[in-house]
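# Breakdown of the fold
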Amino acid sequence: MKVLITGAAGFVGSHLVDAYLSDGCDVLGIDNFITGDISNLRDARENPRFAFRELDVTKMDERSLADIAESFGTPDLILHFASPASPIDYAQRPLETMRVNSLGTENCCQAALAWGARLLLASTSECYGDPLVHPQPESYWGNVNPVGPRSCYDESKRYAEAFVTTFTNVHGIDSRIIRIFNTYGPRMRVDDGRVVPNFVGQALRGEPLTVYGGGMQTRSFCYVSDLVDGIRACAASDETRGRIVNLGNPEERTIRQFAEIVCEIAGVPLDVDDATPMPVDDPGRRCPDISRAKALLGWSPKVDIRTGLRATLLDFSARLTVTTP
Ligand code: NAD
Ligand code: UDP
């Protein structure tokens, strides 16, 4: 099978590249490095089945499709993962975020139509906004501020979902959408600003953990290998055609509790910096209802938070040692 992955040099994308290569697929990665890092593809680039193109998905035109078909062959599966995902990243690149989720998604749909490829769109739990329904099932429409600081991401992902759905209705492509809930693990950028890299980096450097707004907001953290298993199952399934599937770990905890676990695993006393107020529109509670993924795919997460954090701390400590002068 030939697989095209956009956002291949990013955190999730690079783990997907490795997973499909180990399945024996030919993989073409596309990335413009806006938030990704080529070092995430170090192992993949040793593999003769891996090809890479530095390309902005918003500029993936007919000519690019012809070049890809000629040099790589016609992809059977397109996984559209290109998009900044950290609130800090998308706040710094709001227009790029809107474009990759609008134009970039349209280009991926056109590619799927031209090649007869299956398409999987990476959407997000942010589509539920600051949810009023708990836990969040796929049927919930969300509570999203269309003009707030997170709207460049939330609303462009909602548009991406609407575009894939409409394009599928008009052209009959074979598509599915996943809504990913907070996922963590090795290869997250140390400075990407999300809570896991922040807390892990702070604990390793012996700094206080920056718990925003008192830390009573909740999140549910999924280890990256569990997410990758869920994505592969969803992409391989005919049952998910034309559907939306939540993927995440339903174990919910407060950010304050999460800070305690990070310190426990790092072997440092809990030290909190609570000077930062709650960011505007920061969702108060978030937890996936994964009944659909369980029923359609027989999937549920396996990696407990302590095991996942140990692996993440190991990866971060190796990278912090290398980058600290
Ligand atoms: P990331 O920032 O590590 O990776 C995104 C990658 O996309 C980067 O390598 C970046 O350079 C690339 N990219 C961005 N715009 C591009 C463009 N126009 N052309 C080509 N490449 C481009 O983020 P991530 O955490 O790996 O997230 C990947 C996907 O999963 C995103 O679509 C995100 O919305 C979704 N997602 C992730 C999470 C999570 O917890 N990690 C949660 C919900 C949704
Ligand atoms: N957060 C925090 N300290 C940090 C970074 C984030 O308390 O240093 C909080 C943030 O306010 C949010 C939660 O942790 O409530 C998760 O934030 P993240 O940026 O990882 O992703 P989000 O789920 O908000 O998209």
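Before reading further, recall that the structure is shown in the block above.
For clarity, every value in this text was computed on a predicted model and none was experimentally measured. (Residues numbered from 1 in each chain as written. Chains lettered and ligands numbered in written order. Predicted model: local features only at pLDDT ≥ 70, side-chain atom pairs only at ≥ 80, totals over all residues. Heavy atoms only, no water.)

### Considerations on the site of ligand 1
- Around ligand 1, the structure places 28 residues, and the nearest of them are Asp 31, Thr 35, Tyr 153, Lys 157 and Thr 183.
- With respect to ligand 1, the side chain of Asn 32 contributes an N or O atom lying 3.2 Å from a nitrogen atom.
- Note that an oxygen atom of ligand 1 is positioned 3.1 Å from one of the backbone N or O atoms of Phe 81.
- Put simply, the parts of the chain that give the shell around ligand 1 at least two residues each are α1 (11-22), β5 (118-124) and α5 (151-171).
- Ranked by the residues each element gives to the shell around ligand 1, the list is headed by β5, at 3 residues.
- Taken together, the residues that form the shell around ligand 1 break down as 14 nonpolar, 10 polar and 4 charged. (Near = heavy atom within 4 Å. Polar contact = N/O pair within 3.5 Å; in protein donor to acceptor, adjacent residues only side chain to side chain. Helix = DSSP H or I, 4+ residues; strand = E, 2+ residues; numbered from the N terminus. Nonpolar A, V, L, I, M, F, W, Y, C, P; charged D, E, K, R; others polar.)

### Considerations on helix α7 (residues 224-236)
- Relative to the 18 Å expected for 13 residues at 1.5 Å per residue, α7 spans 18 Å between its end C-alpha atoms, a close match to the ideal helical length.
- Every buried residue belonging to α7 is among Val 224, Asp 226, Leu 227, Val 228, Gly 230, Ile 231, Cys 234 and Ala 235, and all of these are buried. (Expected span 1.5 Å × (residues − 1). Buried < 20%, exposed > 50% of the residue type's maximum accessible area, 1.4 Å probe, protein only.)

### With respect to the sheet that holds strand β2 (residues 26-31)
- Reading across the sheet, the 7 strands line up as β3-β2-β1-β4-β5-β6-β11 and stay open at both edges, with parallel pairing between neighbours. Because the sheet does not close on itself, it has two edges, and the strands there are β3 (50-54) and β11 (244-247). Recorded for the sheet is a direction-independent mean angle of 20° between the axes of neighbouring strands.
- Sitting on the sheet, helix α2 (residues 62-71) is in contact with β1 (2-6), β2 and β3, with an inclination near 160° to β3. (Pairing = 2+ DSSP bridges. Axes fitted to C-alpha atoms, helices over the stretch in contact; angles between N-to-C directions. Contact = heavy atoms within 4.5 Å.)

### Comments concerning a negative patch on the surface
- A cluster of acidic residues, Asp 61, Glu 62, Asp 67 and Glu 70, forms a negative patch on the protein surface.
- Locating Glu 70 in the fold gives a position in helix α2. (Patch = residues over 30% accessible without salt bridge, like charges linked within 9 Å, V, L, I, M, F, W, Y side chains within 5 Å. Areas by Shrake-Rupley, 256 points an atom, 1.4 Å probe, with all protein chains shown as cover. Salt bridge = Lys/Arg side-chain N within 4 Å of Asp/Glu carboxyl O. Lys, Arg positive; Asp, Glu negative; His and termini not counted. Charge placed at Lys NZ, Arg CZ, Asp CG, Glu CD.)

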